[in-house]
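# An overview of the molecular structure
The residues making up each chain are set out below.
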Amino acid sequence: MDRQIAFRTLFALAFIAMIVIRVTHQSRALRDKARVEVRESSLSLVAGATAALTSIVFGVEYLFSPGFFRFAYILPYADWLR
């Protein structure tokens, strides 16, 4: 059980760090109001947004309600493989 607590704590800290970095850079970008030209296709932007949203949903689920999306975890991994 100690590995579970350590893993969840580190996972939560990493999640918080990513959110802080995202908010910091987003606020800087909004403050500078620089015009940015998007060179990627809309399909790749949609794919990236879908991947990011999926990662966030599964990450939050894993932190606050483990087992809610149990159907999505096909293979039973050991603790050290997570």
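The structure contained in this document is the topic of the report that follows.

Cut-offs used in this document
Residue positions within a chain follow its written sequence, with the count starting from 1. Given that the model is predicted, a residue must reach a pLDDT of at least 70 before its local features are reported, and side-chain atom pairs must reach 80 or more before they are shown or counted; all residues, however, enter totals for whole chains, interfaces and linings. Side-chain figures throughout are based on the complete set of non-hydrogen atoms in the structure, without hydrogens or water. Secondary structure elements follow DSSP: runs of H or I no shorter than four residues count as helices, runs of E no shorter than two count as strands, and numbering proceeds from the N terminus. The rule is simple: take the accessible area with a 1.4 Å probe, protein chains only, and divide by the maximum for that residue type; under 20% is buried, over 50% is exposed, in between is partly exposed. Methods summary: accessible areas were calculated by the Shrake-Rupley approach with a probe of 1.4 Å, and residue burial reflects only the protein chains presented. Given a helix with a known number of residues, its expected span is that number minus one, times 1.5 Å. In what follows, residue pairs with any heavy atoms lying within 4.5 Å of each other are defined as contacts. Here a cavity denotes grid points, spaced 1 Å and computed from the protein atoms alone, that fit a 1.4 Å probe unable to get out, and a pocket denotes an open set having protein on both sides within 12 Å along at least 5 of 7 lines; residues with an atom within 4 Å of a point are the lining. Grid points are joined across faces, edges and corners, and a volume is the space filled by probe spheres set on the points. For this classification, the nonpolar set comprises Ala, Val, Leu, Ile, Met, Phe, Trp, Tyr, Cys and Pro, the charged set comprises Asp, Glu, Lys and Arg, and every other residue, Gly included, is treated as polar. Two N or O atoms form a polar contact when they lie within 3.5 Å of each other; inside protein one atom must be a possible hydrogen donor and the other a possible acceptor, and for residues adjacent in sequence the pair counts only when both atoms belong to side chains. Inter-axis angles, ranging from 0 to 180 degrees, are taken between N-to-C directions of lines fitted to C-alpha atoms, where helices are fitted over the stretch in contact. For this classification, under 35 degrees means roughly parallel, over 145 means roughly antiparallel, 65 to 115 means roughly perpendicular, and everything else is oblique. Should the near helix be turned anticlockwise from the far one by less than a right angle, the crossing is left-handed, and should it be turned clockwise, the crossing is right-handed.

A few words now on the overall build of the protein chain. For the protein chain, the count of helices and strands is two helices and zero strands. Within the protein chain, the fraction of its 82 residues that count as buried is 9%. Accessible area for the protein chain stands at about 7500 Å²; split by element, carbon and sulfur atoms hold 69% of it.

For helix α2 (residues 42–64), spanning 23 residues, the distance from its first C-alpha to its last is 33 Å, which sits close to the expected 33 Å at 1.5 Å a residue. Those residues of α2 lying buried are G59, E61, Y62 and L63. Among the structural elements, α1 (2–32) are those in contact with the buried residues of α2.

This paragraph deals with the layout of surface pockets. The computed volume of the second largest pocket comes to approximately 200 Å³. Elements that contribute at least two residues to the lining of the second largest pocket include exactly α1 and α2. Ranked by the residues each element gives to the lining of the second largest pocket, the list is headed by α1, at five residues. Of the residues assigned to the lining of the second largest pocket, the class counts are six nonpolar, two polar and one charged.

Bringing the environment of T9 into the picture now. Along the chain, the position of T9 falls in helix α1. Classification of T9 by relative accessible area gives partly exposed; the value is 42%. Sequence separation of T9 and L63 is 54 residues, and the distance between their C-alpha atoms is 8.9 Å. Looking at T9, its side chain comes within polar contact range of the main-chain oxygen of I5, at 2.7 Å.

Two numbers describe how α1 lies on α2: the axes approach to 10 Å, and their chain directions differ by 140 degrees. One way to sum up the angle between α1 and α2 is to call them oblique. Handedness of the α1/α2 crossing: left-handed. When α1 is examined against α2, the residues Q4, F7, R8, F11, A12 and F15 are found in contact with a partner set consisting of I56, G59, V60, Y62 and L63. Looking at the contact of α1 with α2 residue by residue, the classes come out as eight nonpolar, two polar and one charged.

None of the figures reported here should be taken as evidence of function without further support.
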